[in-house]
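# Breakdown of the fold
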Amino acid sequence: MTGIFADPSINPAGAGLLYGNFNQIFVQIEAVLVTIVYDAFATFIILIIIKALIGLRVSQDDEIIGLDESQHSEKAYNI
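Everything quoted here is computed from the prediction, not taken from an experiment.

Summing up its helical and strand segments, the protein has four helices and zero strands in all. Ordered by position from the N terminus, the helices and strands of the protein form the series α-α-α-α. Dimensions of the protein, computed from the C-alpha atoms along their principal axes, are close to 65 × 30 × 15 Å. The long-range share in the protein, meaning contacts at least 24 apart out of those at least 6 apart in sequence, stands at 8%.

On the surface, Phe 41, Phe 44, Ile 45, Ile 46, Leu 47, Ile 48, Ile 49, Ile 50, Leu 53, Ile 54 and Leu 56 cluster together into a nonpolar patch covering about 1,100 Å² of accessible area. Among the structural elements, Leu 53 can be located in helix H2 (residues 22–53).

Next up on the list: the environment of Leu 67. Looking at the secondary structure, you find Leu 67 in helix H4 (residues 67–72). With relative accessibility at 43%, the residue Leu 67 sits in the partly exposed group. Apart from the residues lying within four places of it in its own chain, the contact partners of Leu 67 are Val 58, Asp 62 and His 72.

In this structure, Ser 73 is a non-glycine residue whose phi angle is positive, near 55°. Note that Ser 73 resides in the segment after H4.

Conventions adopted
- Residues numbered from 1 in each chain as written.
- Predicted model: local features only at pLDDT ≥ 70, side-chain atom pairs only at ≥ 80, totals over all residues.
- Heavy atoms only, no water.
- Helix = DSSP H or I, 4+ residues; strand = E, 2+ residues; numbered from the N terminus.
- Contact = heavy atoms within 4.5 Å.
- Patch = residues over 30% accessible without salt bridge, like charges linked within 9 Å, V, L, I, M, F, W, Y side chains within 5 Å.
- Areas by Shrake-Rupley, 256 points an atom, 1.4 Å probe, with all protein chains shown as cover.
- Salt bridge = Lys/Arg side-chain N within 4 Å of Asp/Glu carboxyl O.
- Buried < 20%, exposed > 50% of the residue type's maximum accessible area, 1.4 Å probe, protein only.

Right under this line is the structure:
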């Protein structure tokens, strides 16, 4: 929202969309998009490392038993 509300009376070098600087909103949108791409790439790399070291899923037997019992030795529901 800085690209919209930046007030030139506070910072003379920057004015937002409400103060006539249309370019600032595009700079802000570009920064948000770059951040999203960077975060997606970093998350992908982290998932690859975790998958190589310990795996992303539990075994099928653990899923059938239930994760509460197989991982914590507890039963969530006594049905």
